[in-house]
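Listed below are the residues making up each chain.
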Amino acid sequence: YSKYETSIYSFKFIGAILFALIYLYYYKGGDTINFYYCVVPLFKLFFKDPSAFWGFVLSPNAYYPYECLYDASQHGVIYLLRGTPTLTTIRIAAVLNILSLNSFLPLTLFFAFVSYQFNWLVFKMLAGIYPALHKQLSYAFLMIPSALFWGSGIGKDSIMMGSILLFFYLFYQVFISKRQVLLNLFLLVITGYLISLIRGFILFTLIPCSILMTVTCYRNVI
């Protein structure tokens, strides 16, 4: 399936760049840019006080660091600093922003790259199960324009798209393929917890559908 990989990542990065440019120059604002404004002060905090930075990033109940409040408030982003879903997104973005060297466009590309790893993972898994349908699966998982665009920016949508696909993949590995059960089960719980922090209602659909998939697979075997 390597013939898909290069072109698909190219499409994904093009979608991410277009997403960033539209919010920068057409909308001139929006949550994706405001999330970036939230992580800029955290980038400075990482070098000034690493323990405070990691204390915020690694604790789901921690408040936004008071050392960063003034800088963030200059951009009117206080509304993003009050809820668990947005703070969880900021924590993830803060870590990726260190790798992005505090730059908006590279951070957007990191979000797109990390999120799309899980699209590729699930595509390869299903294409291995149904090799005759690899072309149709590539359209469904890798080439939908709206997913390439809206699932590419800094924000909750990119994290949720990747988390949902990873949850599905890990559930399949644990309960159907039974590969590396303990490790995958641990990762499944972590992924489910992450989903619950940002958009917990998704689990009310995701878990029953995953159980139905498992029951159907075992019924077919019987």
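First, a word on scope: everything that follows refers to the structure included in this document. Not measured: the values here are computed from a predicted model.

A count of helices and strands for the protein chain gives 11 helices and 0 strands. Secondary structure elements of the protein chain occur, N-terminal to C-terminal, as α-α-α-α-α-α-α-α-α-α-α. Taking 17 Å as the expected radius of gyration for a compact globule of 222 residues, we find that the protein chain reaches 19 Å, a close match to that expectation. Buried positions account for 44% of the 222 residues belonging to the protein chain. If you sum the accessible surface of the protein chain, you get close to 11900 Å²; carbon and sulfur atoms cover 69% of it. Of note, the protein chain has its 14 positive side-chain charges centred 15 Å away from the centre of its 6 negative side-chain charges.

Before going further, it helps to spend a moment on the pattern of salt bridges. Under the definition given, this model contains 1 salt bridge. The residue Arg199 makes a salt bridge to Asp157 at a minimum N-O spacing of 2.9 Å. Remark: Asp157 occurs in helix α9 (residues 156-177) and Arg199 occurs in helix α10 (residues 181-199); sequence separation between them is 42 residues.

In this section: unusual backbone geometry. With a phi angle near 60°, Leu101 is a residue other than glycine that sits in the positive phi range. In this fold, Leu101 is placed in the loop between α5 (84-99) and α6 (104-129). In this model, Lys178 sits at a positive phi of 55°, which is unusual for a non-glycine residue. Structurally, Lys178 can be placed in the loop between α9 and α10.

The rules behind the values
Residues numbered from 1 in each chain as written. Predicted model: local features only at pLDDT ≥ 70, side-chain atom pairs only at ≥ 80, totals over all residues. Heavy atoms only, no water. Helix = DSSP H or I, 4+ residues; strand = E, 2+ residues; numbered from the N terminus. Rg over C-alpha atoms; globule rule 2.2 N^0.38 Å. Buried < 20%, exposed > 50% of the residue type's maximum accessible area, 1.4 Å probe, protein only. Areas by Shrake-Rupley, 256 points an atom, 1.4 Å probe, with all protein chains shown as cover. Lys, Arg positive; Asp, Glu negative; His and termini not counted. Charge placed at Lys NZ, Arg CZ, Asp CG, Glu CD. Salt bridge = Lys/Arg side-chain N within 4 Å of Asp/Glu carboxyl O.

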